[in-house]
Amino acid sequence: FVDMMNKKARQLGLKSTNFKNPHGLDAANHYSSAYDMAIIAKELVKHEKVLEFSSIYEDYLRKGTDREIWLVNTNKLVRFYDGLDGLKTGYTKDAGYCLTATAKRGNMRLIAVVMDEPDSKTRNAEVSAMLDYGFAQYDVEKLVSKNQKIGTYQVDKAKNKYVDIIPLEDVTVLNKKVDGKKNAKYDISLNKLKAPIKKGDVVGTLTIEDRTINLTVSKDVKKANVLELYLSHLKDIFSGDISM
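Residues numbered from 1 in each chain as written. Predicted model: local features only at pLDDT ≥ 70, side-chain atom pairs only at ≥ 80, totals over all residues. Heavy atoms only, no water.

Novice: What is the right way to look at the nonpolar core in this model?
Specialist: Soluble globular proteins: nonpolar side chains tend toward being buried together. Among the nonpolar cores identified, the biggest contains 18 residues, and Val-155, Ile-165, Ile-197, Val-203, Val-217 and Val-221 are the most heavily contacted of them. If you list the elements that add at least two residues to this core, you get β8 (162-167), β9 (171-176), β11 (204-208) and β12 (211-217). For this core, the element with the most residues is β12, which contributes three residues. Not counting the four nearest positions on each side in its chain, Val-217 is found in contact with Val-163, Asp-164, Ile-165, Ile-166, Ile-197, Lys-198, Lys-199, Asp-201 and Val-203. Tyr-57, Leu-99, Val-114 and Val-140 belong to the second-largest nonpolar core, a separate cluster that totals 16 residues. (Core = buried A, V, L, I, M, F, W, Y, C linked by side-chain atoms within 4.5 Å. Buried < 20%, exposed > 50% of the residue type's maximum accessible area, 1.4 Å probe, protein only. Helix = DSSP H or I, 4+ residues; strand = E, 2+ residues; numbered from the N terminus. Contact = heavy atoms within 4.5 Å.)

Here's what the structure looks like:
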């Protein structure tokens, strides 16, 4: 499992992370950085089910039985900071008090990370100050929503000749409030589209500023059989799309 963790870290481009165990306790050559934790958090919040659990302040195990256990979230900010719904606290002797937190207001989600704090009160205060600054100074402009059509393209050897292309996540730009909107533009690069293709398969990329967002098809594209290809070819001839 630790090998899988390190493989995923490399896929995410993390340069200051190396795992030696799955639980995070101090170990030789087991390390990470605040930046890398932020990237891991950014990947994690794509799975929104996680936030349903990390936002719970208190709950019970075996509620109503004689073995009832009361659980309280060690991330107190989920109760006291507006919009905060995760993610993870931590403490070890070597790492100190750590917190990777995320909060959402409107359509903007921020992630803040602190490490090696002297106590939980300090880590909460510093994370709150970082998030306050971000929400006060910036906002997010959404250019294209996740799963929103950005174009229709031809697919080679497909049963249905054309398919819509959509992004796998929202396409957004960060604006400083005093500067207003940027009128940002994006570039699209598509691989050669050839059936079959499943929705979710990466077929190209959308690049905006310093970010790259993967693109996929809006629905599964089935491969045409020989007869279907022949009839499609005849249709193109009679419509004038191709010549003899």
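Following the structure, the description resumes.
Novice: What am I meant to see in a positive patch on the surface here?
Specialist: The grouping of Lys-157, Lys-192, Lys-194 and Lys-223 at the surface amounts to a positive patch. Take Lys-223: it is sitting in the loop between β12 and α6 (226-239). (Patch = residues over 30% accessible without salt bridge, like charges linked within 9 Å, V, L, I, M, F, W, Y side chains within 5 Å. Areas by Shrake-Rupley, 256 points an atom, 1.4 Å probe, with all protein chains shown as cover. Salt bridge = Lys/Arg side-chain N within 4 Å of Asp/Glu carboxyl O. Lys, Arg positive; Asp, Glu negative; His and termini not counted. Charge placed at Lys NZ, Arg CZ, Asp CG, Glu CD.)

Novice: It is not clear to me how the layout of surface pockets should be interpreted in this structure. Could you clarify?
Specialist: Reported here for the largest pocket is a volume of approximately 2,100 Å³. The wall of the largest pocket is formed by 45 residues, among which Lys-42, Val-45, Lys-46, Glu-169 and Arg-211 lie closest to the centre. At the level of secondary structure, the elements contributing two or more residues to the lining of the largest pocket comprise α2 (34-44), β5 (108-117), α5 (120-137), β6 (138-144), β9 and β12. In terms of residue count, the dominant contributor to the lining of the largest pocket is α2 (seven residues). Taken together, the residues that form the lining of the largest pocket break down as 22 nonpolar, seven polar and 16 charged. In this structure, the second largest pocket occupies an estimated 1,300 Å³ of space. Forming the walls of the second largest pocket are 40 residues, and the residues nearest its centre are Phe-19, Gly-24, Met-37, Ile-40 and Lys-88. Broken down by secondary-structure element, the contributors of at least two residues to the lining of the second largest pocket are α1 (2-11), α2, β3 (84-92), β4 (96-105) and β5. Of the residues that constitute the lining of the second largest pocket, the class distribution is 24 nonpolar, ten polar and six charged. (1 Å grid on protein atoms, 1.4 Å probe; cavity = no way out; pocket = protein on both sides within 12 Å on 5 of 7 lines; lining within 4 Å. Points joined across faces, edges and corners; volume = space filled by probe spheres on them. Nonpolar A, V, L, I, M, F, W, Y, C, P; charged D, E, K, R; others polar.)

Novice: Is there a simple way to think about α1 in this case?
Specialist: Given 3.6 residues per turn, any residue in an α-helix points the same way as the ones three and four places further on. Along α1, the residues classified as buried are Met-5, Asn-6 and Ala-9. Within α1, the buried residues cover an arc of 95° as seen down the axis, which keeps them to one side. Turned more than 90 degrees from where α1 packs its buried face, Asp-3, Met-4, Arg-10 and Gln-11 sit exposed. Immediately beyond the C-terminal end of α1, within one or two residues, lies Gly-13, with a positive phi of roughly 80°. (Arc of directions from axis to C-beta.)

Novice: Which parts of the structure should I look at to understand the packing of aromatic side chains?
Specialist: Taken as a whole and judged by the stated rule, the model has one aromatic pair. Between Tyr-91 and Tyr-97, the aromatic rings sit 4.5 Å apart at their centres with planes inclined by 40°, giving tilted as the arrangement. The ring of Phe-135 carries the charged tip of Arg-105 above its face, separated from the ring centre by 4.5 Å. (Phe/Tyr/Trp six-rings, centres within 6.5 Å; stacked < 30°, edge-to-face > 60°. Lys NZ or Arg CZ within 6 Å of the ring centre and 35° of its normal.)

Remember, this is a structural readout, not a statement about activity or role.
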